[in-house]
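Residue-level structure breakdown
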Amino acid sequence: MLPLVAYVRRTDWPPHLELIERLRTALPDVELAVLADIAPQRLAEVRVAIVDGPTAEQLATMPALQLAHSTWAGVETVLPIVPAGVAVARMVDPQLADTMAEAVLAWTLYLHRDMPRYASQQRAATWVPRPLVRTSDRRVGIVGLGMLGTRAAERLVANGFTVAGWSRSPKAVSGVECFHGDDGLVALLERSDIIVDLLPQTSDTIGLLDGDAFTAMPAGASLINFGRGATVDDDALLAALDRRHLDHAVLDVFIVEPLPPEHRYWAHPHVTVLPHISGPTSPDTAAVIAAANVRRFLADGTLPADAIVDPSRGY
Ligand code: NAP
C-alpha cells in the first residue's frame, strides 16, 4: 500500500489546483490526498503533510503527523500551529531565489533611477532632470542574508551596485560586505542608500526596522520590504517618510494582508504598495523539491539541512 500524504490548505482560500497536480505527478510513489478528501478512519495513517497555508484545526486532525512540509519559504504562520513534536520543513527552491532576486533588482532599479519622482513630476507636468548616480555609487544593504538575500545580493553585484548584507551569523559572500550582530545592523543601515528587507518574521525580527533604524539610515535613503510586514514598524516608517528623512518605500508584505483599504500606505505619495508578488512559489519546481524531501523523510526520517526549520530560532 502506498503511504498516504495529506495536502493541507485552509478551505476559505481558493484551491491551488496546479500545485496539487504537480505534486501528484512528482510523487507517483505516494497517495497524495487533499485533507478534506481523506476518510476520517484513515487520518491516523498520515505521517507527512504538505502544507500550503493550513489551519491549526486541520493539522490537529492527523494524530500520527510527524512532518509538516511547507510550500512557502516563510513559516511564521505554520510554526505556532503545528502540534507538539511535529517537525516543520520550509521551501528552499533556487527558482524562488531567482524570482526574488529579479524582483529585488527590478525595484532597486526603480528607486535607483528615481522612477517614483519622475512619475509624480509627469502628473504635475514638471520637467526637472536629476543628476545621474552610477550603480557603483549606489549602496544597497540587504537585511536577511539568507537563501533569498544572498541570491539577491549576487544579482545586485552583477549589475554594478555596491552591496552589503546583514545576518545573525557571520557570512562570506563574494563581492558583498557582510555584517552580523546588533552593531553590524547599525553599520549596515548607516552605509545604505537602499535597504532591502528579506528577514523572516520571528520574535527577534518583529518591529526590528523601527524609528531608530530609520534614523540611522542616511537622509534620502529608501526601503524595500519583501520579507515580512511585521519586521517593519509601520508608524515609524510613515513618520520617517512624512518628515522626508526617508525618500520612498516599496512594500510587498504587510502585517494584515490584503492591506486594508483605509491603510495610509495606499494613498501615501512616497509609498509603492505591491500585493505580495515579489516571490511566489513556482508550482513546477516547488512540487519537485517538496516531493524529494517527502520521499526522503518517509524513507529514513531525515531532511536536507537547509529545509529544516529550527523552532527555537523561528525560521
Ligand atoms: P533564510 O534562508 O532562513 O534567511 C533568513 C536570513 O535572515 C538569514 O540570513 C538569517 O541569518 C537572517 N536572520 C533571521 N533572524 C535574524 C536576526 N534576528 N538577526 C539577524 N539576521 C537574522 O530565509 P529565506 O529563504 O531567505 O527567506 C527569507 C524570508 O523571505 C522568508 O522568511 C519570508 O518571510 C520572505 N519571503 C517573502 C516572499 C514574498 O513573496 N514577499 C517570498 C518568499 C519568502 P542567519 O543566516 O545567520 O541564520
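Shown above is the structure to which this text applies.
Residues numbered from 1 in each chain as written. Predicted model: local features only at pLDDT ≥ 70, side-chain atom pairs only at ≥ 80, totals over all residues. Heavy atoms only, no water.

1. Details of the environment of Thr108
On the secondary structure map, Thr108 appears in helix H3 (residues 94-112). A residue is classified by how much of its surface remains accessible, and Thr108, at 0% relative accessible area, is buried. Put simply, Thr108 and Arg138 are 30 residues apart on the chain and 9.8 Å apart in space, counted from C-alpha to C-alpha. The residues contacting Thr108, other than those within four sequence positions of it, are Val140, Leu156, Phe161, Ile194, Val196 and Ile224. In terms of polar contacts, Thr108 uses its side chain to reach the backbone carbonyl oxygen of Val104, at 2.6 Å. (Helix = DSSP H or I, 4+ residues; strand = E, 2+ residues; numbered from the N terminus. Buried < 20%, exposed > 50% of the residue type's maximum accessible area, 1.4 Å probe, protein only. Contact = heavy atoms within 4.5 Å. Polar contact = N/O pair within 3.5 Å; in protein donor to acceptor, adjacent residues only side chain to side chain.)

2. Notes on the packing of aromatic side chains
This structure, assessed with the given rule, holds 3 aromatic pairs. Plain terms: the ring middles of Trp13 and Trp72 are 6.0 Å apart, the flat faces sit at 15 degrees to each other, and that makes the pair stacked. Taken together, the positions of Trp13 in the loop between strand S1 (4-8) and helix H1 (17-26) and Trp72 in the loop between strand S4 (67-70) and strand S5 (87-89) put the pair 59 residues apart, joining distant regions of the chain. Measuring from centroid to centroid gives 4.8 Å for Trp107 and Tyr110, while their planes differ by 75 degrees, and the two rings are edge-to-face. Of this pair, Trp107 and Tyr110 are both found in helix H3, 3 residues apart, which corresponds to roughly one turn of the helix. Note that Arg313 overlies the ring of Tyr315, its terminal NZ or CZ placed 3.9 Å from the centroid. (Phe/Tyr/Trp six-rings, centres within 6.5 Å; stacked < 30°, edge-to-face > 60°. Lys NZ or Arg CZ within 6 Å of the ring centre and 35° of its normal.)

3. Regarding the sheet that holds strand S12 (residues 271-273)
Consider a sheet: its strands pair through backbone hydrogen bonds, and that pairing is either parallel or antiparallel. Within the open sheet, the 7 strands sit side by side as S8-S7-S6-S9-S10-S11-S12. Their pairing is parallel. A strand with exactly one partner marks an edge of an open sheet, and here the two such strands are strand S8 (176-180) and S12. Averaged over all adjacent pairs, the angle separating strand axes in this sheet is 15 degrees, with direction ignored. Bridge count for strand S11 (residues 246-251) against S12 is 3 bridges, and the pairing is parallel. Considered in S12, the bridge of Ala249 is made with Val271. Taken strand by strand, helix H8 (residues 234-242) contacts strand S10 (221-225), S11 and S12, and its axis lies near 140 degrees from that of S11. (Pairing = 2+ DSSP bridges. Axes fitted to C-alpha atoms, helices over the stretch in contact; angles between N-to-C directions.)

4. Structural notes on the site of the ligand
Neighbouring the ligand are 29 residues, the closest being Arg90, Leu148, Ser169, Lys171 and Tyr315. One nitrogen or oxygen atom from the main chain of Leu145 is found 3.2 Å from an oxygen atom belonging to the ligand. Contact distances for the ligand include 2.8 Å between an oxygen atom and a backbone N or O atom of Leu148. Protein coverage of the free-state accessible area of the ligand, which is 930 Å², stands at 93%. For the shell around the ligand, the secondary structure elements donating two or more residues are helix H5 (147-158) and strand S7 (162-167). In the shell around the ligand, the residues fall into 12 nonpolar, 10 polar and 7 charged. The residue makeup of the shell around the ligand includes at least three contributed by each of domain 1 (4-93 + 283-300) and domain 2 (133-273). (Near = heavy atom within 4 Å. Areas by Shrake-Rupley, 256 points an atom, 1.4 Å probe, with all protein chains shown as cover. Nonpolar A, V, L, I, M, F, W, Y, C, P; charged D, E, K, R; others polar. Domains from an automatic or database assignment.)

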